[in-house]
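# Structural features, examined
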Amino acid sequence: MKKNSKQPIIIIALVLAVLYAVSFVLLMVWATISSLKGRFDLLGNPFGLPKKWMFENFITAAKGIAMDVPYGYSVRTVEIWEQLFYSVLYAGGSAFINCFVLCVVSYLVAKYDFAFSKFVYGIVVVSMMIPIIGALPSEMQIMTTLKLKDSFFGVFVLRASFTGMYFLMFYAQFKNISDGYSQAASIDGASHTRIMFEIIFPLVKGTFGVIFLVLFVNFWNDYQTPMLYLSSKPTVAYGLYMLNAQPRDNSAGSLPVKLAACILSCLPVVILFIIFRDKMMGNFSVGGLKG
Amino acid sequence: MKTNKKQIGRKKALIFYAAWMIIPMLHFAIFYIGVNFNSIILAFKKYDYAQNAYTFTFENFTKFFSDLFSADGLGIVLKNSFVLYLWGLVIGVSLAVLFSFYIYKKFAGSGFFKVILFLPSIIPSIAMALIFLVFSDIAVPKALNIITGKTYTGLMAVGSNTVFPAIIFYNVWISFGISVLMYSSAMSRIPEEIVEYSRIEGVSYAREFFSITIPLIGSTLETFIVVGIAGIFTNQANILAFFPTTNDRTIQTIGFYLFSQVARGMTSLYPYLAAGGLIFTIITFPITFGVKQLLSKVVPEVEF
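Note that the structure is predicted; figures quoted are calculated from it, not measured.

In this section: the interface of chain A and chain B. On the chain B side, the residues contacting the 103 residues of chain A number 105 residues. Here chain A and chain B share an interface that buries about 9300 Å² over both sides, 78% of which is from carbon and sulfur atoms. Taken together, chain A and chain B are joined by 1 salt bridge. Between Asp113(A) and Arg10(B) there is a salt bridge; the shortest N-O distance is 3.4 Å. There are 16 residue pairs in polar contact (both at pLDDT 80 or more) connecting chain A and chain B. No other element matches helix 1 (residues 8–34) of chain A, which puts 17 residues into the side of chain A that touches chain B. By residue class, the composition of the side of chain A that touches chain B is 74 nonpolar, 23 polar and 6 charged.

Let us now look at the packing of aromatic side chains. Residue and element names in this part refer to chain B. For the structure shown, the criterion picks out 62 aromatic pairs over all chains. With 6.2 Å between their ring centres and 50° between their planes, Phe 242 and Phe 243 make a pair best called tilted. Note on accessibility: Phe 242 and Phe 243 belong to one class, buried. Taking the ring centre of Tyr 205 as reference, the NZ or CZ of Arg 199 above it sits at 4.2 Å.

As a further point, take the side chain of Gln252(B). Residue and element names in this part refer to chain B. Note on placement: Gln 252 falls in the loop between helix 11 (239–242) and helix 12 (254–263). Under the relative-accessibility criterion, Gln 252 is labelled buried at 3%. Those residues within four positions of Gln 252 in sequence are excluded, and the remaining contacts are Val 77, Asn 80, Ile 239, Thr 246, Asn 247 and Tyr 257.

Per-residue confidence for chain B gives a mean pLDDT of 90, with 98% of residues at or over 70. Scored by ipTM, the complex comes to 0.89, with pTM at 0.90.

Turning our eyes to something else, we now look at the nonpolar core. Formed by 203 residues in total, the largest nonpolar core has its most connected members in Tyr107(A), Phe162(A), Phe174(A), Met128(B), Ile167(B), Phe242(B) and Phe243(B). Not counting residues up to four positions away in its chain, the partners in contact with Phe242(B) are Asn244(A), Ala129(B), Phe132(B), Leu133(B), Met156(B), Ile167(B), Tyr170(B) and Ala237(B).

Okay, the pairing of strand 2 (residues 74–78) of chain A next. Along a regular strand, successive side chains alternate from one face of the sheet to the other. Residue and element names in this part refer to chain A. Relative to strand 2, strand 1 (residues 67–71) is paired through 5 bridges, and the arrangement is antiparallel. The residue of strand 2 that forms the bridge with Tyr 71 is Ser 74. Turn length for the strand 1-strand 2 hairpin, with the two strands adjacent in sequence and antiparallel, is 2 residues, and the turn residue Gly 72 shows positive phi of about 65°.

Quick look at the packing of helix 5 (residues 115–129) of chain A against helix 8 (residues 165–176) of chain A now. The geometry of a pair of packed helices is captured by two quantities: the angle between their axes and the separation between those axes. Residue and element names in this part refer to chain A. Axis separation between helix 5 and helix 8 bottoms out at 9 Å; the angle between their running directions is 140°. When the axes of helix 5 and helix 8 are compared, the pair comes out oblique. Crossing of helix 5 over helix 8 shows left-handed handedness. Residue-level inspection shows Tyr 121, Val 124 and Met 128 of helix 5 in contact with helix 8, the latter providing Met 165, Phe 167, Leu 168 and Tyr 171.

All names here are of chain B. By secondary structure assignment, the location of Gly 92 is in helix 3 (residues 75–104). Gly 92 sits in the buried class, given a relative accessible area of 4%. It is 11 Å that separates the C-alpha atoms of Gly 92 and Tyr 170, two residues lying 78 residues apart in sequence. Filtering out sequence-adjacent residues up to four positions away, Gly 92 remains in contact with Trp 87, Val 172 and Phe 176.

The subject of this paragraph is the pairing of strand 2 (residues 53–56) of chain B. Residue and element names in this part refer to chain B. Relative to strand 2, strand 1 (residues 45–48) is paired through 4 bridges, and the arrangement is antiparallel. Paired with Tyr 47 across the bridge in strand 2 is Tyr 54. Taken together, strand 1 and the strand that follows it, strand 2, pair antiparallel across an intervening segment of 4 residues, in which Asn 52 is found at a positive phi of about 55°.

Residues and elements named next belong to chain A. Side chains of Leu 14, Val 18, Val 22 and Leu 26 sit close together on the surface and give an oily, nonpolar patch of about 310 Å² of accessible area. With respect to the helices, strands and loops of the structure, Leu 26 is situated in helix 1. Judged by relative accessible area, Leu 26 falls into the exposed class, the value being 55%.

Rules and cut-offs
- Each residue is numbered by its place in its chain's sequence as written, counting from 1.
- Going through the entries in the order they are written, you letter the chains from A and number the ligands from 1.
- Local features in a predicted model are, by the rule used here, given only for residues with pLDDT of at least 70; side-chain atom pairs are given and counted only at 80 or more, and totals for whole chains, interfaces and linings are based on all residues.
- With hydrogens and water set aside, each side-chain value is computed from the structure's full complement of heavy atoms.
- Here a residue-residue contact requires only that any non-hydrogen atoms of the pair lie within 4.5 Å.
- Accessible-area loss on putting two parts together, using a 1.4 Å probe and summing over both, is the definition of buried area adopted here.
- When a carboxyl oxygen of Asp or Glu lies within 4 Å of a side-chain nitrogen of Lys or Arg, that pair is called a salt bridge.
- Identification of polar contacts relies on pairs of N or O atoms within 3.5 Å, with a donor-acceptor requirement for protein atoms, meaning one able to donate a hydrogen and the other able to accept it, and with residues adjacent in sequence counted only if both atoms are side-chain atoms.
- Elements are defined by DSSP. Helices are runs of H or I of four residues or more, strands are runs of E of two residues or more, and each kind is numbered from the N terminus.
- For this classification, Asp, Glu, Lys and Arg are treated as charged, while Ala, Val, Leu, Ile, Met, Phe, Trp, Tyr, Cys and Pro are nonpolar and the rest, including Gly, are polar.
- Any pair of Phe, Tyr and Trp rings, taking the six-membered ring for Trp, is counted once the centres come within 6.5 Å. Such a pair is stacked with planes under 30 degrees apart, edge-to-face with planes over 60 apart, and tilted for the rest.
- Here's how the labels work: a residue is buried when its accessible area is under 20% of the maximum for its type, exposed when over 50%, partly exposed in between, all with a 1.4 Å probe on protein chains only.
- Sitting over a ring, as applied to charges here, requires NZ of Lys or CZ of Arg to be within 6 Å of the ring centre and within 35 degrees of the ring normal.
- Values of pLDDT, which run from 0 to 100, indicate the predictor's confidence residue by residue.
- Take the buried Ala, Val, Leu, Ile, Met, Phe, Trp, Tyr and Cys residues and link them wherever side-chain atoms come within 4.5 Å; each set so joined is a nonpolar core.
- Between any two strands, at least two bridges found by DSSP are needed for them to pair.
- To obtain an axis, a line is fitted to C-alpha atoms, over the contacting stretch when the element is a helix, and the angle between two such axes runs from 0 to 180 degrees between their N-to-C directions.
- Oblique is the label for any angle not under 35 degrees, not over 145, and not in the 65 to 115 range, which are roughly parallel, roughly antiparallel and roughly perpendicular in turn.
- The hand of a helix crossing depends on one turn: near helix anticlockwise from the far one by less than a right angle means left-handed, and clockwise means right-handed.
- Two joining distances apply to patches: 9 Å for like charges and 5 Å for nonpolar side chains (Val, Leu, Ile, Met, Phe, Trp, Tyr), and every residue must have over 30% relative accessible area and no salt bridge.
- In these tables, accessible area is a Shrake-Rupley quantity obtained with a 1.4 Å probe, and a residue counts as shielded only by the protein chains included in the view.

Spelled out as structure tokens, the structure:
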């Protein structure tokens, strides 16, 4: 049946979507062109092409993102390359650990009908609906007391949580897997651990991959956790924040250089998105919170 | 013998279950229960310099309430939090559902719009915010100047009364990403037979949207709305990215205020902040459950 796309609601949706798309694309194109201008060129000529194409702004930006961090009794400079390494470590490690814990706990809750499973499910739902506000000072105190601050181990420990929306996604996946798989494996003598890792987890590797990707991007872009808990191991996102908040020098603080730094910081995640676009934007489903 | 085997099997399952649950539960005990319990204790503490020890006090609560209702205190920050949430709920959710419907129906350009709507949520928030800040401070005044001939200050110029409206606009503008994905995924699960039947009966897209699609994705909408209420007091609105060092309360939200004080190392304020957080948690609890109960009555329970 042919779609009649001329109905008012569709036209309204299309107009608004086009306006949104134009605003986003124009903004990003403007930012890219502006990042190639000199500071006075940008102020006097915000809409034209650069009078002089300043590709060196990107080099200045890469140098400007560098941060001075405490090192014993002195300071050391963390350049962008080291920040990239810390970003990969922080994002990759945090995403994997978070994903793994979510996967294991949701599997146990979905497939093992002990009374405790209902309790754990309840914890997840309640914690989603009622986040405890203002607990950050307390969390800082505990991280400091446990000597977990300023270490990747500490941040990974912090990320090993099973609460959140992705628990429900994994849970729904595991619930949809027939018990026949594990029963057949059990009859063949497989242990519970072997069933979990070799039979069931491969069936959800697609979901694991998608959630890992989404979490990786979230942690890559996160500048607040490194600010609080990785102060001497800054990530690129934290470096960009500091470039804006406290530029190292006059050249790093210029607006075109800041825009160049923004464009640079977008590149890794945009490349990831281009490669994994279909997976990252695949079918997400979250059930309701009834009951 | 059979019962014995079953018992041994159940015991093995229990040992396996406990072995894998113990570390996540330990984590939960420390970083949820422990952190929140410590936060409650902290809220009642005050450091007595004379005695060089912490004392028990209600002072943090009285001071926070007093700040909340004072003219230049946190009252404006609280109001900003609610205003931001309402704009996000009314405009953000409405537009997200409308866009999702367009994408679900696979009309012209739906694939492209899906990507564009998702992009702001993968680009680093600090980068997106900075680009918006520079654009609104440099390009927008220039554009208005060209159109009207008058001189304007930047939308995000410090002290300007356009700053918080610009912050609201920005936060709604970047909010569509995951929500559009979720809503369009929920819509794609609507049985095709229902849609085809409505087409045969001559139901318009508008009628389908309001009478079929929205009711059938009600549980997903309900989840987002209920979880969103909890975000009223935690949403930082990207203010830290725009204005890292601001003390201007007319542009702050509760979420930003609570985070920024900790990020600035204001350890002497920890008990005060903990008390404030506790107050807002207590306020959120009945609101969340009230809204959930209300939505449960309004949103039809459907299974398909």
